[in-house]
Amino acid sequence: MSHNAFITEERIEGDADGALAGRTVAVKDNISTAGLRTTCGSTTLEEYVPPYDATVVERLKAAGATIVGKTNMDEFGMGTTTETSAFGPVENPAAEGRVPGGSSGGSAAAVAAGEADLALGSDTGGSVRCPAAFCGVVGIKPTYGLVSRYGLVAYANSLEQIGPLAPTVEEAAELLEVLAGSDPNDATTREPPADAETDYAAAADGDVSGLTIGVPTELLEGADDGVRAIFEDALAELEMKGATTTAVSLPSVEAAVQAYYVIAMSEASSNLARFDGVRYGRSGEGEDDGNWNESFAAARDVGFGEEVKRRVLLGTYALSAGYHDKYYKKAQDARAWVKQDFDSAFESVDVLASPTMPVPPFERGESLDDPLQMYLADANTVPINLANLPAISVPAGETDEGPVGLQLVGPAFGEATIIRAGSALS
Ligand code: GLN
């Protein structure tokens with residue numbers, strides 16, 4: 001199909017009579033599908049066929065969904081543009097010549113182009129919300145522990161969740177309902193508290209009367225003028241429908257990008273150690289004379305792309321003796337500070353709002369030479385992962401350069417509240 005949204009196109013017909021009967025779903029290629037290759041956008045897993053389904057895939061099948069293929073992504077989820085895939089970049093169906101966002105760019109593009117009704121992405125630091133924003137669709141990053149990660153190939157496991165992408169808030173909520181719920185195979189999953197509203201699709205009723213929306217000033221500071229104007233219009237619309245907005249301050253988010261990248265790269269360096277050409281992944285070429293160090297190095301040299309190598313090296317460095325306290329421990333302290341800041345904000349507001357991305361979709365190729373610039377574009381999404389909170393990105397409008405998303409953040413297990421607020425805009 002067009003846009004290079006899929007790495008593998010294969011139909012697994014749904015035959016169960018459930019909530020997703022008759023619906024097609026595209027699955028990000030870091031989510032295991034029994035008998036169907038799962039590459040993570042990487043050369044090292046080009047031929048890897050998992051022997052089992054991820055829990056979310058089992059749940060899709062039980063709900064009667066038809067799976068239409070595995071979607072293209074930044075290699076191992078590391079990126080914001082879906083240009084680091086070993087299978088080539090994805091095009092943005094909603095903004096010609098521009099990136100679809102990442103790392104779940106294939107999933108967002110498949111939905112935006114109508115190649116699938118719904119899609120699954122994974123969000124470690126924004127990878128569902130960013131492509132949703134850039135492609136003009138809806139994406140939800142659930143509360144940490146709401147959705148099972150069993151069968152998701154780990155990038156940074158303390159930060160990531162699988163989440164739904166869909167054309168509307170209601171459809172994303174319907175898909176979330178199918179995915180959510182604890183799983184004996186993932187000990188980090190939890191049931192929402194007994195008083196939490198879990199009828200997510202029904203929550204998409206657009207009723208924001210009496211809702212208090214906090215706007216963190218720090219998350220507006222770096223935003224483009226065009227993005228800001230669209231954001232202000234969306235807030236005005238929510239006010240017109242009965243919500244109140246108020247400025248709040250989250251001073252800790254200044255440290256969020258730095259803390260996120262130290263933690264994400266550290267976890268990645270450990271999680272990706274298994275791709276050594278023996279346990280998992282493609283072998284290196286040439287003779288190694290039985291020297292394991294050389295053999296592992298060769299496997300990783302041919303199997304990984306540049307961004308993955310950069311992150312494994314930096315993560316290993318941050319965890320190494322002598323630097324652990326200076327980087328990793330400091331990042332964990334910053335993470336605790338971010339959590340605290342959000343907790344106190346939610347004492348006085350129901351949800352928080354910001355632009356999902358401070359910029360419209362980048363032109364293709366623009367960010368490849370400047371990784372730091374790319375990391376900084378995650379400023380508004382990574383704090384939410386550090387704090388384990390739920391967030392939704394809904395289309396808010398369009399600049400000349402492409403779609404703009406509005407992000408709504410809720411307290412832990414407050415999915416229904418952000419779904420309700422987001423549905424007021426669609
Ligand atoms: N852009 C962020 C990163 O590269 C987020 C990726 C993600 O959520 N998987 O780490």
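Quantities reported herein were computed from a predicted structural model and do not represent experimental measurements. (Residues numbered from 1 in each chain as written. Predicted model: local features only at pLDDT ≥ 70, side-chain atom pairs only at ≥ 80, totals over all residues. Heavy atoms only, no water.)

**Q** Can you walk me through the packing of aromatic side chains in this structure?
**A** Pairs of aromatic rings are described using the distance from one ring centre to the other and the angle between the two planes. Overall, the coordinates contain twelve aromatic pairs when judged by the stated rule. Each ring, one from Y52 and one from Y150, has its centre 5.2 Å from the other, and the planes form 40°; the classification is tilted. A residue pair is termed long-range when its members are at least 10 positions apart, and Y52 in the loop between β2 (24-28) and α1 (55-62) and Y150 in the loop between β5 (138-141) and β6 (161-166) qualify at 98 residues. We classify Y52 as partly exposed; its relative accessible area is 32%. Relative to F304, the ring of F76 has its centre 5.9 Å away and its plane inclined at 90°; by these criteria the two rings are edge-to-face. (Phe/Tyr/Trp six-rings, centres within 6.5 Å; stacked < 30°, edge-to-face > 60°. Helix = DSSP H or I, 4+ residues; strand = E, 2+ residues; numbered from the N terminus. Buried < 20%, exposed > 50% of the residue type's maximum accessible area, 1.4 Å probe, protein only.)

**Q** Would you take a moment to explain empty space enclosed by the protein for this structure?
**A** A probe as big as a water molecule, rolled over the atoms, marks out the empty space that is left. Tallying each qualifying case throughout the model produces one cavity of 30 Å³ or more. G79, T80, S127, Y260 and D378 are the residues nearest the centre of the largest cavity, which is lined by 15 residues in total. Across the lining of the largest cavity, the residue classes tally to five nonpolar, eight polar and two charged. (1 Å grid on protein atoms, 1.4 Å probe; cavity = no way out; pocket = protein on both sides within 12 Å on 5 of 7 lines; lining within 4 Å. Points joined across faces, edges and corners; volume = space filled by probe spheres on them. Nonpolar A, V, L, I, M, F, W, Y, C, P; charged D, E, K, R; others polar.)

**Q** Looking at this structure, how should I read the sheet that holds strand β3 (residues 66-71)?
**A** Where strands meet in a sheet, backbone hydrogen bonds hold them as pairs that are either parallel or antiparallel. Ordered in space as β1-β3-β2-β4-β6-β5-β10-β11-β9-β7-β8, the eleven strands form an open sheet in which the pairing is mixed. With partners counted over all chains shown, the strands left at the sheet margins are β1 (6-12) and β8 (244-248), one partner each. Here the average twist between neighbouring strands, direction ignored, is 25°. Two strands pair when backbone bridges link them, and strand β7 (residues 212-216) and strand β9 (residues 351-355) are joined in this way by two bridges, in the parallel orientation. Across the sheet, I213 pairs through a bridge with V351, a residue of β9. Where helix α4 (residues 169-179) meets the sheet, it contacts β4 (118-123), β5, β6 and β10 (391-399), and its direction lies at approximately 145° from that of β6. (Pairing = 2+ DSSP bridges. Axes fitted to C-alpha atoms, helices over the stretch in contact; angles between N-to-C directions. Contact = heavy atoms within 4.5 Å.)

**Q** Explain unusual backbone geometry here, please?
**A** Working note: non-glycine residues mostly have negative phi, and peptide bonds are mostly trans. The omega torsion of the bond from G102 to S103 falls at 5°, within 30 degrees of zero and hence cis. Along the chain, S103 falls in the loop between β3 and α2 (105-112). At F76, a position not held by glycine, the phi torsion is positive, near 55°. Counting through the fold element by element, F76 comes out in the loop between β3 and α2. We classify F76 as buried; its relative accessible area is 3%. In this model, F413 sits at a positive phi of 60°, which is unusual for a non-glycine residue. You can see F413 is positioned in the loop between β11 (402-409) and α13 (415-423).

**Q** How do you make sense of the environment of T81 when you look at a structure like this?
**A** Structurally, the position occupied by T81 is in the loop between β3 and α2. Residue T81 is classed as buried on the basis of its relative accessible area, which comes to 0%. The spatial distance from the C-alpha of T81 to the C-alpha of E91 is 9.6 Å, given a sequence separation of ten residues. With residues up to four places along the chain from it excluded, the contact list for T81 reads D74, V99, P100, G101, G102, F362, S367 and M374. Polar side-chain contacts of T81 include one of 2.8 Å to the side chain of E83. (Polar contact = N/O pair within 3.5 Å; in protein donor to acceptor, adjacent residues only side chain to side chain.)

**Q** Got a minute to help me understand the side chain of D276 in this structure?
**A** Among the secondary structure elements, D276 is positioned in the loop between α7 (256-271) and α8 (292-303). Reaching out from D276, the side chain makes a polar contact with the backbone nitrogen of R279 at a distance of 2.8 Å. With residues up to four places along the chain from it excluded, the contact list for D276 reads F296 and A299.

**Q** I keep staring at the pairing of β8 and nothing clicks. Help me out?
**A** A regular strand carries its side chains on alternate faces of the sheet. Examined bridge by bridge, β7 and β8 share five bridges and lie parallel to one another. Residue pairing for β8: P216 is matched across the bridge by V248. In this fold, the crossover linking β7 to β8 by way of helix α6 (residues 225-240) has right-handed handedness. (Right-handed = clockwise from strand over helix to strand, strands pointing away.)

**Q** Looking at this model, I keep getting lost on the nonpolar core. Mind explaining?
**A** Soluble, globular proteins show a tendency: their nonpolar side chains are buried together. Among the nonpolar cores identified, the biggest contains 54 residues, and I31, V56, L60, L120, I392 and I419 are the most heavily contacted of them. A per-element tally of this core places α4 first, with seven residues. Core analysis: the next-biggest nonpolar cluster, separate from the first, contains 44 residues, F304, V308, V338 and M374 among them. (Core = buried A, V, L, I, M, F, W, Y, C linked by side-chain atoms within 4.5 Å.)

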